[in-house]
Each structure stands twice: as C-alpha cells, then as structure tokens.
Amino acid sequence: MSPQLHYHLVRKTHEIAEFFTHHYKLSVSANYGLMGGDAGIALFLFEYFKFTGDTRYREAAYNYTRNAIDSFQQTPHYAFADGLAGIGWLVLFEKELLDEVFDIEELLEQIDSTLEQWLPKEFQKGNYDYLHGAMGAGLYYMNRGNNSAKENLVKIVSFIKSLAIKDGSCYKWEFFGSGEKYPNQYNLSLSHGMPSIISFLIMCASYGVEVDQCKQLIAGGCNYIMNRQVDPTTYPFFWPHTASDIQQNNAFSRLAWCYGDLGVSITMIRAGRYLHDEKVFEKGQEALSSCASRRDLAKNRVQDFCFCHGSVGNMFCFLVANEYGLRDRELYSNTVEFWANATKEFEIYKEDGYCGYKTFVPMVEQHNPFPGILEGIGGIGLTYLTYLTGKTKWKEIFLL
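Residues numbered from 1 in each chain as written. Predicted model: local features only at pLDDT ≥ 70, side-chain atom pairs only at ≥ 80, totals over all residues. Heavy atoms only, no water.

Trainee: Tell me about the overall build of the chain, and please be specific about residues and values.
Mentor: A count of helices and strands for the chain gives 15 helices and eight strands. Taken against the 2.2 N^0.38 rule, which gives 21 Å for 400 residues, the C-alpha radius of gyration of the chain at 20 Å falls within 12% of a compact globule. Principal-axis analysis of the C-alpha atoms gives the chain an extent of 55 × 50 × 40 Å. Residue burial in the chain is summarised as follows: out of 400 residues, 59% are buried. For the chain, long-range pairs separated by at least 24 residues make up 67% of all intrachain contacts whose partners lie at least 6 apart in sequence. Accessible surface, the chain: about 15,900 Å² in total, of which carbon and sulfur atoms supply 48%. Across the chain, 36 positive and 46 negative side-chain charges occur, with their mean positions spaced 4 Å apart. (Helix = DSSP H or I, 4+ residues; strand = E, 2+ residues; numbered from the N terminus. Rg over C-alpha atoms; globule rule 2.2 N^0.38 Å. Buried < 20%, exposed > 50% of the residue type's maximum accessible area, 1.4 Å probe, protein only. Contact = heavy atoms within 4.5 Å. Areas by Shrake-Rupley, 256 points an atom, 1.4 Å probe, with all protein chains shown as cover. Lys, Arg positive; Asp, Glu negative; His and termini not counted. Charge placed at Lys NZ, Arg CZ, Asp CG, Glu CD.)

Set out below in structure tokens:
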C-alpha cells in the first residue's frame with residue numbers, strides 16, 4: 001500500500017473515532033445494536049483505545065455500551081444484529097475492559113436468562129438467520145463458554161439439522177426471511193443463506209459441539225453449492241444469489257460481503273480447510289481469485305462504501321483472505337489497496353455526511369448517513385483499524 005493511502009487510513013480512522021467521541025449525539029433509541037448502533041460503535045472505540053492508549057476512547061465506549069443496555073430496557077430486541085445477543089457478544093469480547101465498570105457476571109446471567117426464553121420462539125418460527133434469528137444467539141453462546149451455553153449450541157445445531165433437506169449427497173435449507181419461509185428457494189448468501197449456515201457449523205464444530213453431525217451438514221451444504229455453480233462462459237460469476245429446484249436461477253450476482261461470490265468463496269475455503277476437502281478448497285480459491293479481478297463498480301453494483309454491500313466490506317474480505325494460506329496472496333493484497341482507494345473516493349459528502357460519507361438506500365433512492373458498522377462509518381473504522389493492527393478476531397461477527 002502506498003504511503004499516501006496508508007496515511008489516509010490512519011487519519012480517517014482517527015477522524016471517525018473523534019466523531020463518535022465528540023460529535024455524534026447519544027440518545028436512548030431503537031438503534032442500539034451491534035450491527036447498526038451503539039454496541040457496534042462501542043466495539044470500534046474499545047479497539048481504537050487499545051490501538052492508541054488514549055483513555056478518552058475507552059470512556060466513550062463505556063458510554064455507548066451503557067446506552068445500548070439502557071435502550072434495550074426501553075425497546076427490547078433480541079437478535080444478534082439489533083438486540084441483546086449482539087450486546088452480549090460485545091460484553092464478552094470486551095469483558096476485560098468492561099469488568100472495570102460493570103458487574104459483568106450479573107449482566108451476563110440476565111442476558112442468559114432472556115435469550116433462553118427467546119430462542120425457542122425462533123425455533124418455532126423456523127428462523128435460523130444469524131443476523132435476526134437463532135444462529136446469532138449461537139455466536140453469543142460460543143463466547144459465553146459455560147455448560148448452559150454449550151447445551152444451547154447443541155440445541156441450535158439440532159434445529160439446523162431438523163431444517164436440512166437431504167438430496168443425494170447434498171444438504172440444503174429453504175430460505176427464511178422477513179418472518180417467513182420460502183419453499184423451494186435456497187439462498188446462497190453469507191448474510192442470510194446457506195453459506196451462513198455452513199460458516200456457523202464450522203464454528204460450532206471447531207468449538208467441539210456435535211462435531212460429526214456438523215461435518216456431515218457442512219459437507220452436504222458444500223456439495224449443494226458446488227452443484228449450483230453457473231456456467232462461467234455465460235456469466236461473469238460463479239453463483240447466483242438464490243437457487244431453486246422449480247424455476248430458473250436468479251442469474252445475477254453482485255460483489256459484496258452480503259450477497260455474491262465473495263462471501264460464498266471464503267465460506268468454501270474455510271469449509272475445505274476444515275474438512276480437508278481439496279476440491280471444495282480449490283473451488284473457493286478459484287472463485288475468490290475471480291472476485292479479485294472484478295473491479296468495475298457499476299457492473300458489480302458497488303454503489304457506496306458500506307461494509308454490507310459496498311467497498312469497505314470488499315476490502316475487509318480480502319484482508320482476512322490472506323489468513324487462510326491461499327496461493328494468490330499478492331493479488332489479494334493488491335485488491336485490498338484497490339478497495340481502500342474505492343472507499344476513499346466515496347468520501348464526497350463533506351457538508352452533511354458522517355466524516356464525508358453517506359450510504360445509498362435503495363428503497364428511497366437516496367444517500368443517507370449511518371453510524372453503524374454494517375451500513376455506516378463504524379465499518380470503515382473497524383476495517384481500517386484491522387489493516388493498521390493486523391488484528392481480525394472480530395471478523396467472527398461477519399462469519400469470516
């Protein structure tokens with residue numbers, strides 16, 4: 001990376017930390033979760049404090065954490081993206097720092113009790129979604145580490161097994177979204193679909209939960225995804241967003257963390273490594289290298305900077321790709337720089353953006369400023385900080 005771009009990353013990360021510390025107004029609201037609100041901002045500020053040693057950022061992170069907990073009391077949400085499961089993950093991830101100002105064990109016991117009541121309701125709905133359903137609680141339980149947490153992880157794996165449809169050597173899961181199941185629709189996205197299930201099961205098996213069952217489901221899920229690759233001579237991608245047994249595939253695929261080959265390919269790489277399956281691992285590498293060559297923003301529907309479906313999420317995916325022992329490391333490092341520059345170019349809203357940035361909102365066809373890590377500038381801060389520190393542990397919240 002050029003010295004000029006490196007300096008920009010340092011400066012912008014500092015600017016975002018200062019914005020959250022001095023300019024962004026805290027309020028008790030529904031926007032307090034890990035992905036979109038206060039809990040995610042706290043994560044960034046805690047990590048920036050560790051990087052700089054400046055206690056102002058630690059104190060600001062405490063305030064955001066308190067506000068997230070207070071907001072939950074007034075407007076309860078429970079899922080990983082916007083509610084208690086995500087707050088719980090933050091508390092465990094930053095436990096050493098939060099121990100100084102909270103009664104952590106009392107707080108965690110309250111979270112345990114509340115999620116214990118919420119989880120069966122998601123089972124009953126058939127809601128496996130990691131951002132908004134059962135698997136998100138599983139991310140909390142993996143870090144919780146007590147006997148009750150492990151028991152709940154076993155329940156979640158059993159729930160995922162109960163939803164799996166066996167089809168020869170394949171396992172597949174019908175898509176659940178917006179509160180309902182879509183029969184014969186198989187979502188192939190990391191954010192809401194089968195790759196998220198495979199990634200979650202890899203984490204469970206690595207944690208020692210239902211290892212044999214997880215391996216069977218991971219292998220069967222990978223077989224289904226392999227079988228759903230489109231013709232590369234016809235399409236400029238490997239997998240569509242969705243597959244169906246009764247109608248033609250959705251023959252489109254953006255380049256993003258949320259939907260498209262980028263999230264799928266990293267999932268296949270991780271699964272291939274875990275299963276020691278060279279065929280799956282190589283398919284993941286082939287697809288990821290193809291993603292690295294896709295740099296036309298308009299054709300790949302990269303319309304803004306945000307982590308979810310924009311340039312900085314692409315940057316982060318290629319940052320973490322080099323942790324997996326892949327052959328095209330130099331290509332991926334070059335691609336990190338490309339997407340860092342692309343993110344810099346989206347900094348055009350000096351007057352009314354957050355640190356110069358706004359996110360495109362398709363439903364209203366306009367750009368709006370957001371603070372969080374999934375769709376806002378918090379995601380820029382954490383991604384740039386990951387580049388500057390080399391620390392990627394928090395990638396688990398994005399199933400990477």
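Trainee: Break down helix H7 (residues 134-144) for me, with residues and values.
Mentor: Taking burial as the measure, the 11 residues of H7 include 10 buried ones, the bulk of the element. Burial in H7 covers these residues: Ala-134, Met-135, Gly-136, Ala-137, Gly-138, Leu-139, Tyr-140, Tyr-141, Met-142 and Arg-144. Tucked into the core, H7 has its buried residues touching helix H4 (84-93), helix H6 (104-125), helix H8 (147-163) and helix H9 (194-207). In the stretch just after H7, Gly-145 is the one whose phi turns positive, near 80°.

Trainee: Give a detailed account of the packing of aromatic side chains, specifying residues and quantitative values.
Mentor: What the rule picks out here adds up to 32 aromatic pairs. Their ring planes at 80° and their centres at 5.9 Å tell us that Tyr-24 and Tyr-354 sit as a pair that is edge-to-face. Placement of Tyr-24 in the loop between helix H1 (3-23) and helix H2 (38-52) and of Tyr-354 in the loop between helix H14 (329-345) and strand E7 (359-361) is noted, with a sequence separation of 330 residues between them. Considering the side-chain rings of Phe-80 and Tyr-130, the 6.1 Å spacing of their centres and the 40° angle between planes classify their relative orientation as tilted. Of this pair, Phe-80 sits in the loop between helix H3 (55-74) and H4 while Tyr-130 is found in the loop between H6 and H7, placing the two residues 50 residues apart along the sequence. Accessibility expressed as a relative area gives 0% for Phe-80, which makes it buried. (Phe/Tyr/Trp six-rings, centres within 6.5 Å; stacked < 30°, edge-to-face > 60°.)

Trainee: Could you give me a rundown of the packing of H9 against helix H11 (residues 261-275), with the residues and numbers involved?
Mentor: Where H9 meets H11, the axes come as close as 10 Å, and the angle between the chain directions of the two elements is 30°. Relative to H11, the element H9 lies roughly parallel. In terms of crossing hand, the pair formed by H9 and H11 is left-handed. Residues Pro-195, Ile-198, Ser-199, Ile-202, Met-203, Ala-205 and Ser-206 of H9 pack against Val-264, Thr-267, Arg-270, Ala-271 and Tyr-274 of H11. Counted by class, the contact of H9 with H11 contains eight nonpolar, three polar and one charged residues. (Axes fitted to C-alpha atoms, helices over the stretch in contact; angles between N-to-C directions. Parallel < 35°, antiparallel > 145°, perpendicular 65-115°, else oblique. Left-handed = near helix turned anticlockwise from the far one by under 90°. Nonpolar A, V, L, I, M, F, W, Y, C, P; charged D, E, K, R; others polar.)

Trainee: Give me the lowdown on the pattern of salt bridges, citing residues and values where you can.
Mentor: Going through the model one piece at a time under the given rule, you end up with 22 salt bridges. A salt bridge links Lys-50 to Glu-47; the nearest nitrogen and oxygen atoms lie 2.8 Å apart. Taken together, the positions of Lys-50 and Glu-47, both in helix H2 and three residues apart, correspond to about one turn of that helix. Its relative accessible area of 41% is what places Lys-50 among the partly exposed residues. The shortest N-O distance in the salt bridge between Glu-282 and Arg-327 comes to 2.6 Å. One end of the pair, Glu-282, is in helix H12 (residues 278-292); the other, Arg-327, is in the loop between helix H13 (311-321) and H14, and 45 residues separate them in sequence. Sharing partners across several salt bridges, the network here consists of Arg-11, Lys-12, Glu-15, Glu-347 and Lys-350. (Salt bridge = Lys/Arg side-chain N within 4 Å of Asp/Glu carboxyl O.)

Trainee: Outline unusual backbone geometry, supporting the account with residue identities and numerical values.
Mentor: A positive phi angle, close to 55°, is found at Ser-178, a residue other than glycine. Structurally, Ser-178 can be placed in the loop between strand E3 (175-177) and strand E4 (180-182). When its relative accessible area of 75% is taken as the criterion, Ser-178 is described as exposed. Even without glycine at this site, Cys-355 takes up a positive phi of about 55°. The residue Cys-355 is located in the loop between H14 and E7 in this model. For Cys-355, a relative accessible area of 10% corresponds to the buried category.

Trainee: Describe in detail the environment of Phe-238, supporting the description with residues and values.
Mentor: Counting through the fold element by element, Phe-238 comes out in the loop between helix H10 (211-227) and strand E6 (242-244). What makes Phe-238 buried here is its relative accessible area of 6%. Each C-alpha atom, one on Phe-238 and one on Phe-102, is 48 Å from the other, the two residues being 136 residues apart in sequence. In this view, Phe-238 contacts Arg-228, Gln-229, Val-230, Asp-261, Lys-283, Glu-286, Ala-287 and Ser-290; residues no more than four positions away in its chain are not counted.

Trainee: With reference to specific residues and values, describe H3.
Mentor: An α-helical turn contains 3.6 residues, so any two residues separated by three or four positions project in the same direction. Look at H3: 29 Å from first C-alpha to last across 20 residues, which is about the 28 Å you get at 1.5 Å a residue. All buried positions along H3 are accounted for by Tyr-57, Arg-58, Ala-60, Ala-61, Tyr-62, Tyr-64, Thr-65, Asn-67, Ala-68, Ile-69, Ser-71 and Phe-72. On the buried face of H3, the contacting elements are H1, H2, H4, helix H5 (95-98) and H6. The N-cap residue of H3 is Asp-54: its side-chain oxygen and the backbone nitrogen of Arg-56 are 3.0 Å apart. (Expected span 1.5 Å × (residues − 1). Polar contact = N/O pair within 3.5 Å; in protein donor to acceptor, adjacent residues only side chain to side chain.)

Trainee: Describe the side chain of Glu-396, with residues and values.
Mentor: Its place among the elements puts Glu-396 in the segment after helix H15 (377-389). Separated by 2.8 Å, the side chains of Glu-396 and Trp-89 make a polar contact. If we skip the residues at most four places from it in the chain, Glu-396 touches Trp-89, Leu-139, Asn-143 and Met-203.

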